[in-house]
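Structural overview for review
Each chain, written out:
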Amino acid sequence: MRIIHILNHVQEIGNGIVNVAIDLACLQAKNGDDVAVISGGGEYEILLDRFGVKHHKINQNRQPINIVQAALSFREIIQKFQPDIVHAHMMTGIVLASILRFRNKYALVSTVHNEFQRASLLMGLADRVIAVSKAVQISMMQRGIPENKLRVVRNGTLGSPRTRQISDYQPLKLQQPAITTVAGMYKRKGINELITAFEKIALDFPTTHLYLVGDGPDREIFKEQAKSTGLGDQIHFEGFQTEPQRYLLACDIFVLASHRDPCPLVISEAREAGIAIIATEIDGIPEALDNGQAGVLVPAKDSQALAEALVNLLSNPDKLQGWKHRAQENLELLNVVRVYQETLAVYQELVN
């Protein structure tokens, strides 16, 4: 097949939407498809080139004159490439691809990640709408997307062309016991509740340290919060890391305290690293944790419940070890090859 993926950029900044698209494009090219990516550019251009994926740089900034230029460039690429499938991963892409389709014979596929965003309904313009979890599918149906358009392809990232084998990463030397999160520094990621929960347990576990891996617009707010706890020496802001696996391998407990999260890739990575996981029972997170079999689930926006879960693991070494073991069960379901195969099946529905 001839496949085009369209997204805003291919920057290596920990964006799960970009990472899913890059994984798909590389595996499709590796398996013999003719694949191109249209984006505003970024560090992953090097990886795409290594796999034989063509990259076309189009600035998709939403200023009117820029959108017109992007549409003209997109039309030119479409006419030359003649794709069977155009796969849009972000809102600007789905609008461009749907507007320009009336003179071009390609099937249009979209992937919905952050379905809680109002504009995500635009992804319903596609012939097939891939939801990254059952929770996302249900939400999109409730918002009016026809069930016959929707297909679930749950996120998975193990074996990704973007990363190495887990055994190839060297764990960092962190102060123990260590708790970590790998998340964007946004309020919806529950960083506030995690810091509050850590403050609640710090007196009983004075040698415990919290490592916050990630960057984002609310980072300074969280740094001020951490400073106000008086635990600044135990709360570490590590910024964005290209190899978060080194933190995961070195820590005892991984926490994802999100308020909303469709199906976070980092859950796969934490499970592969064999770290005990505590996460919120929201959106696609339970599915990523085998509905609570591979990690402890707590209510969202509840720092007290999160603190109690942390105490339960930190005060029970056998229980902590048990959850580390359970995290690594059924990992084959989180493999990127499964994502590739299920996405291919969606394409074939349309092409056939």
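Overview of the structure.

Criteria and cut-off values
Residues numbered from 1 in each chain as written. Predicted model: local features only at pLDDT ≥ 70, side-chain atom pairs only at ≥ 80, totals over all residues. Heavy atoms only, no water. Helix = DSSP H or I, 4+ residues; strand = E, 2+ residues; numbered from the N terminus. Rg over C-alpha atoms; globule rule 2.2 N^0.38 Å. Buried < 20%, exposed > 50% of the residue type's maximum accessible area, 1.4 Å probe, protein only. Contact = heavy atoms within 4.5 Å. Pairing = 2+ DSSP bridges. Axes fitted to C-alpha atoms, helices over the stretch in contact; angles between N-to-C directions. 1 Å grid on protein atoms, 1.4 Å probe; cavity = no way out; pocket = protein on both sides within 12 Å on 5 of 7 lines; lining within 4 Å. Points joined across faces, edges and corners; volume = space filled by probe spheres on them. Nonpolar A, V, L, I, M, F, W, Y, C, P; charged D, E, K, R; others polar. Phe/Tyr/Trp six-rings, centres within 6.5 Å; stacked < 30°, edge-to-face > 60°. Lys NZ or Arg CZ within 6 Å of the ring centre and 35° of its normal. Right-handed = clockwise from strand over helix to strand, strands pointing away. Arc of directions from axis to C-beta. Core = buried A, V, L, I, M, F, W, Y, C linked by side-chain atoms within 4.5 Å.

1. Describing the overall build of the protein
A count of helices and strands for the protein gives 13 helices and 13 strands. Taken over C-alpha atoms, the radius of gyration comes to 21 Å for the protein, in line with the 20 Å a tight globule of 352 residues would show. The C-alpha extent of the protein, read off along each of the three principal axes, is 65 × 40 × 40 Å. Each of the 352 residues in the protein was classed as buried or not, and the buried ones make up 55%. Counted over contacts in the protein with a minimum sequence separation of 6, partners at least 24 positions apart contribute 66%.

2. Brief notes about the side chain of Asp-23
If you trace the backbone, Asp-23 turns up in helix H1 (residues 16–30). According to the relative accessible area criterion, Asp-23 is buried, its value standing at 3%. Beyond its immediate stretch of four places on either side in the chain, Asp-23 contacts Thr-157, Ser-160, Pro-161, Arg-162 and Val-336.

3. Concerning the sheet that holds strand S13 (residues 296–298)
Strand pairing within a sheet occurs via backbone hydrogen bonds; the two strands may be parallel or antiparallel. If you trace the 6 strands from one edge of the open sheet to the other, you get S10-S9-S8-S11-S12-S13, paired in parallel fashion. Looking at the sheet topology across the chains shown, the edges are occupied by strand S10 (235–239) and S13. Within this sheet the neighbouring strands show an average axis-to-axis angle of 20 degrees, counted without direction. Sheet topology note: the strand S11 (residues 253–256)/strand S12 (residues 276–280) ladder contains 4 bridges and is parallel. Within S12, the position partnered with Phe-254 by the bridge is Ile-277. Where helix H12 (residues 317–327) meets the sheet, it contacts S11, S12 and S13, and its direction lies at approximately 80 degrees from that of S12.

4. A closer look at the layout of surface pockets
Counted as a void, the second largest pocket has a volume near 180 Å³. Around the second largest pocket, the lining residues are Thr-157, Leu-158, Gly-159, Ser-160, Thr-163, Arg-164, Gln-165, Ile-166, Gln-245, Glu-269 and Glu-272. Looking at the lining of the second largest pocket residue by residue, the class counts come to 2 nonpolar, 6 polar and 3 charged.

5. What to know about the packing of aromatic side chains
For the structure shown, the criterion picks out 0 aromatic pairs. Taking NZ or CZ as reference, Arg-164 lies 4.4 Å from the ring centre of Tyr-169, over its face. Residue placement shows Arg-326 over the ring face of Trp-323; its charged tip is 4.0 Å from the ring centre.

6. Focus on unusual backbone geometry
Each neighbour pair has its own omega, and for Gln-176 with Pro-177 the value is -5 degrees, a cis peptide bond. Structurally, Pro-177 can be placed in the loop between strand S7 (150–152) and strand S8 (178–182). Positioned with a positive phi, Gln-82 is a non-glycine residue whose angle comes to about 50 degrees. Within the chain, Asn-330 stands out as a residue other than glycine whose phi angle is a positive 60 degrees. According to the relative accessible area criterion, Asn-330 is partly exposed, its value standing at 40%.

7. Focus: the pairing of strand S2 (residues 34–39)
The side chains of a regular strand alternate, first on one face of the sheet and then on the other. The element S2 is extensively covered by neighbouring structure, given that 5 of its 6 residues are classed as buried. As judged from the 5 bridges shared by strand S1 (residues 2–6) and S2, these two strands associate in the parallel manner. Residue pairing for S2: Ile-3 is matched across the bridge by Val-35. In this fold, S1 hands off to H1, which returns the chain to S2; that crossover is right-handed. Both S2 and strand S3 (residues 54–57) contribute to a ladder of 4 bridges, which runs parallel. Across the sheet, residue Ala-36 finds its bridge partner in S3, namely Lys-54. Running through helix H2 (residues 45–50), the crossover from S2 to the neighbouring parallel element S3 is right-handed.

8. Brief notes about helix H5 (residues 134–142)
Every α-helical turn comprises 3.6 residues, leaving residues that sit three or four positions apart pointing alike. Of all the positions in H5, only Val-136, Gln-137, Ser-139 and Met-140 are classed as buried. Seen along its axis, H5 keeps its buried residues to an arc of 165 degrees; they face one direction. Residues of H5 that are buried in the fold lie against strand S5 (107–112), strand S6 (128–131) and S7. Looking one or two places after H5, you find Gly-144, whose phi comes out positive at around 110 degrees.

9. Let's talk about the nonpolar core
Within the largest apolar cluster, 87 residues are counted, with the highest numbers of intra-cluster contacts made by Phe-74, Phe-254 and Ile-278. In terms of residue count, the dominant contributor to this core is helix H11 (residues 303–314) (7 residues). Core analysis: the next-biggest nonpolar cluster, separate from the first, contains 16 residues, Ala-21, Ile-22, Val-35 and Val-53 among them.

10. Structural notes on the side chain of Asp-252
Structurally, Asp-252 can be placed in the loop between helix H8 (245–250) and S11. A relative accessible area of 14% places Asp-252 in the buried class.

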